[in-house]
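# Examination of the molecular architecture
Here is how the chains run, residue by residue.
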Amino acid sequence: MKFALRLLLVLAAITVVILFTTQGTKENDPLISPVPNTAMPGEGAPSPGKESVSRPDTGISVLVGEPTGNLTERFGPPDRIEPSMYGYEWWVYSNKPETYMMAGVHDGNVNQIYAAGRELDVSPYSIGEPVEDIFRYTIIEPEVSIEIGTDRYLFSMNGDDLEERLLVAYDGIFAQVYADREKGEVMAVRFLSPRVLVLHQPYEMTYEGRLIAPEPLSSAVQIAADRAAEQQVMELTNVFRQRDGLPPLQEDGSASGIARERAVDASRGSRSEEGNGPLSDQLKLAGIDYSEAGENMAADYLDAAETVHGWINSPEHRDLIYNRKYNRQGAGVSNKVYSHLFLNRKEPAGSSE
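Rules used in this analysis
- Residues numbered from 1 in each chain as written.
- Predicted model: local features only at pLDDT ≥ 70, side-chain atom pairs only at ≥ 80, totals over all residues.
- Heavy atoms only, no water.
- Buried < 20%, exposed > 50% of the residue type's maximum accessible area, 1.4 Å probe, protein only.
- Helix = DSSP H or I, 4+ residues; strand = E, 2+ residues; numbered from the N terminus.
- Polar contact = N/O pair within 3.5 Å; in protein donor to acceptor, adjacent residues only side chain to side chain.
- Salt bridge = Lys/Arg side-chain N within 4 Å of Asp/Glu carboxyl O.
- Contact = heavy atoms within 4.5 Å.
- Expected span 1.5 Å × (residues − 1).
- Phe/Tyr/Trp six-rings, centres within 6.5 Å; stacked < 30°, edge-to-face > 60°.
- Pairing = 2+ DSSP bridges.
- Axes fitted to C-alpha atoms, helices over the stretch in contact; angles between N-to-C directions.
- Core = buried A, V, L, I, M, F, W, Y, C linked by side-chain atoms within 4.5 Å.
- Domains from an automatic or database assignment.

The protein is annotated in an unreviewed UniProt entry as Cysteine-rich secretory protein family protein from Bhargavaea ginsengi.

### Focus: helix H9 (residues 304–312)
Counting buried positions over the 9 residues of H9 gives 9, a clear majority of the element. Regarding H9, the residues found buried are Ala-304, Ala-305, Glu-306, Thr-307, Val-308, His-309, Gly-310, Trp-311 and Ile-312. Capping the start of H9 is the job of one residue whose side-chain oxygen sits 3.4 Å from the backbone nitrogen of Ala-305: Asp-303.

### Describing the pattern of salt bridges
Under the criterion given, the structure shown has 22 salt bridges. With a closest N to O distance of 2.3 Å, Arg-136 and Asp-133 form a salt bridge. Placement of both Arg-136 and Asp-133 in helix H3 (residues 131–137) is noted, with a separation of 3 residues, approximately one turn of the helix. In this structure, the salt-bridge partner of Arg-190 is Asp-303, at a minimum N-O distance of 3.0 Å. Separated by 113 residues along the polypeptide, Arg-190 in strand S12 (residues 185–192) and Asp-303 in the loop between strand S15 (292–299) and H9 bring together distant segments of the chain. Of the two residues, Arg-190 and Asp-303, neither departs from the other in class, the shared state being buried. Connected via shared salt-bridge partners are Asp-160, Glu-163, Glu-164 and Arg-181.

### Quick notes on the environment of Ala-255
Summarising the element assignment, Ala-255 is placed in helix H7 (residues 253–267). Filtering out sequence-adjacent residues up to four positions away, Ala-255 remains in contact with Ile-288, Gln-329, Gly-330, Leu-341 and Leu-343.

### Considering helix H6 (residues 219–243)
An α-helix turns once every 3.6 residues. As a result, residues three or four positions apart point the same way. Over its 25 residues, H6 extends 36 Å from the first C-alpha to the last, a length consistent with the 36 Å expected when each residue adds 1.5 Å. At the C-terminal side of H6, Gly-245 shows a positive phi close to 85°.

### Let's talk about the packing of aromatic side chains
Across all of its chains, the model carries 7 aromatic pairs by this definition. Measuring from centroid to centroid gives 6.1 Å for Tyr-86 and Tyr-88, while their planes differ by 15°, and the two rings are stacked. Look at Tyr-88 and you get buried, because its relative accessible area is 3%. Where Tyr-125 meets Tyr-137, the ring centres are 6.4 Å apart and the plane angle is 35°; that geometry is what we call tilted. With Tyr-125 in the loop between strand S7 (109–115) and H3 and Tyr-137 in helix H3, this residue pair connects regions lying 12 residues apart in the sequence.

### A closer look at the sheet that holds strand S4 (residues 80–83)
Strand order in this open sheet of 7 strands is S4-S5-S6-S7-S12-S11-S10, and the pairing throughout is antiparallel. A strand with exactly one partner marks an edge of an open sheet, and here the two such strands are S4 and strand S10 (165–170). Strand-to-strand twist in this sheet, taken as the mean axis angle between neighbours without regard to direction, amounts to 20°. With 4 bridges connecting them, S7 and S12 associate as antiparallel partners. Bridge pairing in S12 links Ala-115 to Val-189. The sheet strands contacting H6 are S4, strand S5 (89–93), strand S6 (101–106), S7 and S12, and the helix crosses S4 at an angle near 130°. Seen against the sheet, H9 touches S7, S10, strand S11 (173–180) and S12 and runs at an angle of roughly 35° to S11.

### A word on the nonpolar core
Counting residues in hydrophobic clusters, the biggest one holds 84 residues, and the most contacted among them are Tyr-114, Tyr-125, Phe-155, Phe-191 and Phe-240. Among the elements that line this core, the one with the most residues is H6, at 7 residues. The residue makeup of this core includes at least three contributed by each of domain 1 (24–35 + 218–344) and domain 2 (40–208). Excluding its chain neighbours within four sequence positions, the residues that come into contact with Phe-155 are Pro-142, Glu-143, Val-144, Ile-146, Leu-167, Leu-197, Val-198, Gln-201, Pro-202, Tyr-203, Glu-204 and Met-205. One finds Ile-258, Leu-283, Ile-288 and Leu-341 within the second-largest nonpolar core, a separate group that totals 10 residues.

### Let's talk about the sheet that holds strand S13 (residues 204–208)
Spatially, S3-S13-S9-S8 is the arrangement adopted by the 4 strands of the open sheet, whose pairing is mixed. With partners counted over all chains shown, the strands left at the sheet margins are strand S3 (40–41) and strand S8 (143–148), one partner each. Pairing geometry for S3 and S13, over 2 bridges, is parallel. Among the inter-strand pairings, Pro-41 is bridged to a residue of S13, identified as Tyr-207.

### What to know about the environment of Gly-76
Here Gly-76 shows up in the loop between helix H2 (68–75) and S4. For the pair Gly-76 and Tyr-93, spaced 17 residues apart in sequence, the C-alpha separation works out to 9.1 Å. For Gly-76, the residues in contact, after removing those within four places along its chain, are Leu-71 and Tyr-93.

### A short note on the pairing of strand S9 (residues 151–156)
In this structure, S8 lies alongside S9, joined through 6 bridges in antiparallel fashion. Across the sheet, residue Ile-148 finds its bridge partner in S9, namely Asp-151. Counted between consecutive antiparallel strands, the loop separating S8 from S9 contains 2 residues, among which Gly-149 sits at a positive phi close to 65°. Sheet topology note: the S9/S13 ladder contains 5 bridges and is antiparallel. Across the sheet, residue Arg-152 finds its bridge partner in S13, namely Glu-208.

In structure tokens form, the structure reads like this:
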């Protein structure tokens, strides 16, 4: 009897050790942008209607098209200025999640503002409001046409766009309203100029005339833009986690290094057997101690904001972003390929470096 009792205690102890030392990893399939990589020339794109909706006269949208002095007068200097992949700079206001926003700046003028902070005035909308309410007071058309000089562009929204990221035309400005599909509420708003909308091509687009495209970047600027996007991915993840009552994830330098390797490998089109291999193997080789790990990947999204939004509206990717078991994160970006790692670690972030 005593031997049997001792045996049971030993087996129980072994079971506990296994449960608490098993390293679980979850690698989600890459999320590919639903928007075609290239716009298509077309004929007969309708001209904008004669009747247009007046531009909002309050809120942050009034800053689009204005000198940066108007921006700093209202919000102060940005916390960071960093390059983008489109030739403009990002002025990032990241001090508090409640006022998190990024302003695109080119030639001393604001060409767009992406706002995720709940305390920001994004009139005529508000962060957190039900999306169904927007359809009651806003004209939503599945097709939006733009004229820039003699050039014409037509954007078409599909069913998912109408539920996740509405495009609304105003006099001389456009609004992209990003929705959390699961909650049915507004999670962020981007106001942007017609030229930047065409430059981004965030929806299916046909055009007549000249296609506005980003200029090729030098390798140094491309790398700097990728590093900036990594930081934005991690910051926006924490903005949305904290809004949901979850603690922010601490940046882990070791994890970011692995994520960067995986993004570079994926951007080169390597097959898994020729590339970095399973995430668990890379973490082990790097000597990163963890109990749980997960990875979201994405490709061809226009920027960090669109990428995080896409992940949140994909159930399996969303599960990692809003999972309570993780306390660390790292991000890697390589030319529009994104890797975002989530870890549960006991030791301080980056201590294995």
